[in-house]
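Per-entry structural report
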Amino acid sequence: MSKYYLNYLDELESEAIYVLREVWAQFQNPVILFSGGKDSILISHLAQKAFYPSKIPFAFMHVDTGHNFPETIQFRDDLVKELGVNLIIGSVQDSIDEGRVAEEKGKSATRNALQITTLLDVIESNKVDCAIGGGRRDEEKARAKERIFSVRDDFGQWDEKNQRPEVFDILNGRIELGQNVRVFPISNWTELDVWSYIKKENIEIPSIYFAHKRQTFFRDGLIWSADDAIVFREEDEVVEERIVRFRTVGDMSCTAAVLSTANDVATIVDEIRVSPISERGARIDDKRSEAAMEKRKQQGYF
């Protein structure tokens, strides 16, 4: 990496640390939304830096769909134990069992959107006034519209047309009773920035991000995991072993793999630098409609 780019990564780091410290200064009960994915791992690393030598002052909150990749759940549990932070888990399966949401059926079924109800419930029950997420503006056009401090109303909804201005580095965390704020410290990072920083800082990440042999099948031009009973598969969809990795690790039922031989972070950085598609190009839930992500965010999504 060039000296200029290293300086740029330092600037991104400084901005994120500033945001995290502002959260601690302005809110009563903030949490880090933690999935075991690279972006939430990056947030936890930045939080360690922001509050060193003290421990991270935030609890971790995970909305567990029940369809998470086992590698990320194991990584989550190991990291929480290592850092000594509290872990709050909201279960989508519990929301289904309680009749709060209905399980989708068919080949396009996913629990991704069902997370909204569980997230809002666990925020309310734990009196969380700020949830720190790893959303980035380069991921998707709806995310590009969102402020670093993004206010949600007392129904958990986001009003994209009525957002607070963020002038220079002034972050306004004032909220009314019932409101909460989603905070995105790495809004201005790109996927390449994230991986370059992971390389620079030698941050440990789950093995699922690296190339590995996996039983898979093709559907709609995407590669799906067949190593479990989560992903719906037609009888005529042929399972083959392929060398793949995952660029994003959301709900298994909507997250496809990519062909890759990248088995270390440096190779992943090189691969992303020339990739013609974004990382969310492998997320089928974003393809349901042109405004799929924006609609979910309006309803309370991350």
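Note: the structure precedes this text.
An account of the accompanying structure is given in this report. For clarity, every value in this text was computed on a predicted model and none was experimentally measured.

Points about the overall build of the protein chain
- Secondary structure summary: the protein chain contains nine helices and ten strands in total.
- Computed over the C-alpha atoms, the radius of gyration of the protein chain is 19 Å, within 12% of the 19 Å expected from 2.2 N^0.38 for a compact globule of 302 residues.
- Dimensions along the principal axes, computed over C-alpha positions, put the protein chain at roughly 55 × 55 × 40 Å.
- Burial analysis of the protein chain (302 residues in total) assigns 52% to the buried set.
- When contacts within the protein chain are restricted to residue pairs at least 6 apart in sequence, those whose partners lie at least 24 apart make up 74%.
- Surface summary for the protein chain: the accessible area is close to 14,400 Å², and the carbon and sulfur share equals 49%.
- With 40 positive and 52 negative side-chain charges, the protein chain shows a spacing of 2 Å between the two charge centroids.

A short note on the sheet that holds strand 7 (residues 212–219)
- Taken together, the four strands give an open sheet; going across it, the order is 8-7-9-10, and neighbouring strands pair in antiparallel fashion. Edge positions in the sheet fall to strand 8 (222–225) and strand 10 (258–259), since each has one partner strand and no second.
- The pairing of strand 9 (residues 240–245) with strand 10 spans two bridges and is classified as antiparallel. Looking at the pairing, Arg245 lines up with Val258 of strand 10.

Description of the side chain of Thr255
- Examined against the element boundaries, Thr255 turns out to sit in the loop between strand 9 and strand 10.
- At 2.8 Å, the side chain of Thr255 forms a polar contact with the backbone oxygen of Asp251.

A closer look at a nonpolar patch on the surface
- On the surface, Val167, Phe168 and Ile170 cluster together into a nonpolar patch covering about 380 Å² of accessible area.
- Position of Val167 among the secondary structure elements: in the loop between strand 5 (149–152) and strand 6 (180–183).

Some details on unusual backbone geometry
- Geometrically, the link from Tyr52 to Pro53 is a cis peptide bond, its omega value of 10° lying close to zero.
- Within the secondary structure, Pro53 is located in the loop between helix 2 (38–51) and strand 2 (59–64).
- Notably, Lys127 is not glycine yet its phi reads approximately 55°, a positive angle.
- Within the fold, Lys127 resides in the loop between helix 5 (115–125) and strand 4 (130–132).

Some words on the packing of helix 1 (residues 3–26) against helix 7 (residues 191–201)
- Contact geometry for helix 1 and helix 7: axes closest at 11 Å, N-to-C directions at 100°. Compared by their axis directions, helix 1 and helix 7 come out roughly perpendicular. For the pair formed by helix 1 and helix 7, the contact residues are Tyr5, Leu6, Tyr8, Leu9, Asp10, Leu12 and Glu13 on the first element and Leu192, Asp193, Ser196, Tyr197, Lys200 and Glu201 on the second.
- Looking at the contact of helix 1 with helix 7, its residues break down into seven nonpolar, one polar and five charged.

A few points about the packing of aromatic side chains
- Evaluation of the coordinates by the stated rule reveals eight aromatic pairs.
- Consider the rings of Phe34 and Phe60, whose centres lie 4.8 Å apart with planes at 20°: the pair is stacked. Of this pair, Phe34 sits in the loop between strand 1 (30–33) and helix 2 while Phe60 is found in strand 2, placing the two residues 26 residues apart along the sequence.
- The structure contains a cluster of three or more aromatic residues connected by ring pairs, namely Trp24, Phe51 and Phe58.
- Between the NZ or CZ atom of Arg233 and the centre of the ring of Phe217, over which it lies, the distance is 6.0 Å.

Rules of the game
- Residues numbered from 1 in each chain as written.
- Predicted model: local features only at pLDDT ≥ 70, side-chain atom pairs only at ≥ 80, totals over all residues.
- Heavy atoms only, no water.
- Helix = DSSP H or I, 4+ residues; strand = E, 2+ residues; numbered from the N terminus.
- Rg over C-alpha atoms; globule rule 2.2 N^0.38 Å.
- Buried < 20%, exposed > 50% of the residue type's maximum accessible area, 1.4 Å probe, protein only.
- Contact = heavy atoms within 4.5 Å.
- Areas by Shrake-Rupley, 256 points an atom, 1.4 Å probe, with all protein chains shown as cover.
- Lys, Arg positive; Asp, Glu negative; His and termini not counted.
- Charge placed at Lys NZ, Arg CZ, Asp CG, Glu CD.
- Pairing = 2+ DSSP bridges.
- Polar contact = N/O pair within 3.5 Å; in protein donor to acceptor, adjacent residues only side chain to side chain.
- Patch = residues over 30% accessible without salt bridge, like charges linked within 9 Å, V, L, I, M, F, W, Y side chains within 5 Å.
- Salt bridge = Lys/Arg side-chain N within 4 Å of Asp/Glu carboxyl O.
- Axes fitted to C-alpha atoms, helices over the stretch in contact; angles between N-to-C directions.
- Parallel < 35°, antiparallel > 145°, perpendicular 65-115°, else oblique.
- Nonpolar A, V, L, I, M, F, W, Y, C, P; charged D, E, K, R; others polar.
- Phe/Tyr/Trp six-rings, centres within 6.5 Å; stacked < 30°, edge-to-face > 60°.
- Lys NZ or Arg CZ within 6 Å of the ring centre and 35° of its normal.

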